[in-house]
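A structural walkthrough
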Amino acid sequence: MFGKKFPSFLESETEPKSAGNAFFHVIPVPCEKTVSYGKGTAEGPSAILNASNQLESFDGYSNPSELGIFTSEPVECKGSIEKVLENVEKTVSKTLALKKFPVVLGGEHSISIGTIKALMKYENKFGIVHFDAHADLKESYEGSSFSHACAMRHAVDAGIPVFQIGIRSMTEEENKFRKQKKMEFINADRIDLINYKKPILPKSFPKKIFFSIDVDGFDPCVFPATGTPEPGGFNWREFFKIAENLLQGRKLIGFDLVELAPIVNLHYPEFSAARLIYNLMGMVQRRI
Ligand SMILES: [Mn+2]
């Protein structure tokens with residue numbers, strides 16, 4: 001059970017299910033190609049899966065593992081980033097073809113591009129809520145348009161509405177681009193001012209939403225284990241208050257969690273990531 005590089009998510013508490021018999025499909029993507037500062041995101045999925053086996057199956061409200069959790073083989077991450085994105089797209093497409101719920105574990109943020117492409121094939125209208133310290137709207141970065149710093153640019157260019165939360169680092173060009181595209185957002189310095197009694201998302205935002213969660217959107221005290229930490233992010237409870245609000249009247253169709261770069265001998269960040277994933281699964285379960 002333990003000691004595997006890629007155990008199944010929560011296999012300590014629940015029998016891993018086959019793809020056809022599980023609602024949640026956890027898809028590990030140990031990809032690290034374009035990381036520009038701290039390294040180690042390739043180790044993220046394995047660390048999260050191992051940490052998940054320390055969770056209790058009751059999340060405090062319900063037991064999302066009752067819906068069944070399938071953990072796929074890790075997506076092949078050899079070769080170019082373009083090849084990896086193709087592999088991600090293929091694997092996520094299999095999940096969507098079975099009408100299951102993808103939970104994609106990064107790896108660097110570029111992998112979201114593959115997931116989003118798969119979603120575009122199976123969902124005719126959806127929006128993305130992007131939790132991050134960085135806007136990730138660059139046209140290209142360090143010579144690649146598939147850099148982690150360009151992840152959301154691809155979505156916006158494809159016409160998908162993107163709502164950003166927690167941003168506190170971007171270039172002037174990205175800021176201009178956001179204005180041009182009339183994107184909506186709550187930058188980190190406005191998080192304290194959120195009125196939770198009102199819907200955060202504009203009425204016109206699609207009913208189906210995908211969460212792309214870069215752990216560096218959180219304050220580094222929650223997730224110090226990430227390549228490009230930025231002070232001043234949202235905290236643990238704020239995230240869940242925000243998520244509850246976002247899901248009012250809307251349906252989560254999947255999420256990814258990216259950019260966890262484990263630190264040796266500091267294991268709470270990967271446990272927090274596993275907990276975050278499992279609590280989100282619980283929120284989804286309680287809305288079905
Ligand atoms: Mn980021």
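Heads up: the structure comes first, above all this text.
In this text, all values refer to a predicted model and were calculated from it rather than measured experimentally.

**What about the sheet that holds strand β8 (residues 251-258)?**
Spatial strand order, β2-β1-β3-β8-β7-β4-β5-β6: 8 strands in an open sheet with parallel pairing. Since the sheet does not close on itself, it has two edges, and those belong to β2 (69-71) and β6 (184-186), each with one partner. Pairs of neighbouring strands in the sheet enclose a mean axial angle of 20 degrees, with direction left out of account. Pairing of strand β1 (residues 24-29) with β2 involves 3 bridges; the strand directions are parallel. Residue pairing in the sheet places V26 in a bridge with T71 of β2.

**Structural notes on the nonpolar core**
Counting 50 residues, the largest nonpolar core has F9, F131, F211, F239 and L246 as the members making the most contacts within it. A per-element tally of this core places helix α7 (residues 268-285) first, with 9 residues. Dropping the residues within four chain positions of it, F211 is found in contact with V129, F131, A243, L246, L247, L252, G254, F255, D256 and L280. Grouped together as the second largest cluster of nonpolar side chains are 33 residues, C31, A118, A135 and M152 included.

**Brief notes about unusual backbone geometry**
G106 connects to G107 through a cis peptide bond whose omega is 10 degrees. Residue position: G107 is located in the loop between β3 (101-106) and α3 (111-122). Despite not being glycine, L10 has its phi angle at roughly 60 degrees, a positive value. Looking at the element boundaries, L10 is found in the segment before β1. Judged by its relative accessible area of 0%, L10 falls in the buried class.

**Side note on the pattern of salt bridges**
Tallied over the entire structure, the rule returns 10 salt bridges. Its salt-bridge partner being E123, residue K208 comes within 2.8 Å of it at the nearest N-O pair. Of this pair, K208 sits in strand β7 (residues 208-214) while E123 sits in the loop between α3 and β4 (127-131), placing them 85 residues apart in sequence. You can call K208 partly exposed: its relative accessible area is 29%. A single salt-bridge network, built from bridges that share partners, covers E139, R153 and D157.

**A short note on the coordination of the manganese ion**
Coordination of the manganese ion by the protein is provided by D132 (OD), H134 (ND1), D214 (OD), D216 (OD) and D216 (OD), with metal-donor distances spanning 2.2 to 2.6 Å. Judged by its relative accessible area of 15%, H134 is buried. Relative accessible area serves as the criterion here: at 3%, D216 is assigned to the buried category.

**Re helix α1 (residues 44-52)**
For α1, a buried count of 8 out of 9 residues is recorded, marking the element as mostly surrounded by other parts of the structure. Of all the positions in α1, only G44, P45, S46, A47, I48, L49, A51 and S52 are classed as buried.

Scoring rules and cut-offs
- Residues take numbers from 1 onward in each chain, read along the sequence in its written order.
- For a predicted model such as this one, the threshold for reporting local features is a pLDDT of at least 70, and the threshold for listing and counting side-chain atom pairs is 80 or more; totals across whole chains, interfaces and linings nevertheless cover every residue.
- Each side-chain value is derived from all of the structure's non-hydrogen atoms; neither hydrogens nor water enter the calculation.
- What makes two strands pair is DSSP finding at least two bridges between them.
- In DSSP terms, a helix is any run of H or I states spanning at least four residues, a strand is any run of E spanning at least two, and both are numbered starting from the N terminus.
- For helices, the fitted line uses only the C-alpha atoms of the stretch in contact; every axis is such a line through C-alpha atoms, and the angle between N-to-C directions lies from 0 to 180 degrees.
- We call a set of buried residues a nonpolar core when its members are Ala, Val, Leu, Ile, Met, Phe, Trp, Tyr or Cys and they connect through side-chain atoms within 4.5 Å of each other.
- Only protein chains enter the area calculation, which uses a 1.4 Å probe; residues under 20% of their type maximum are buried, those over 50% are exposed, and those in between are partly exposed.
- A contact between two residues is defined here by any heavy atoms of the two lying within 4.5 Å.
- The term salt bridge refers to a side-chain nitrogen of Lys or Arg lying within 4 Å of a carboxyl oxygen of Asp or Glu.
- Coordinating donors are taken as N, O and S atoms within 2.8 Å of the metal, stretched to 3.2 Å for Na, K and Ca; because water is absent from the atoms, sites can appear incomplete.

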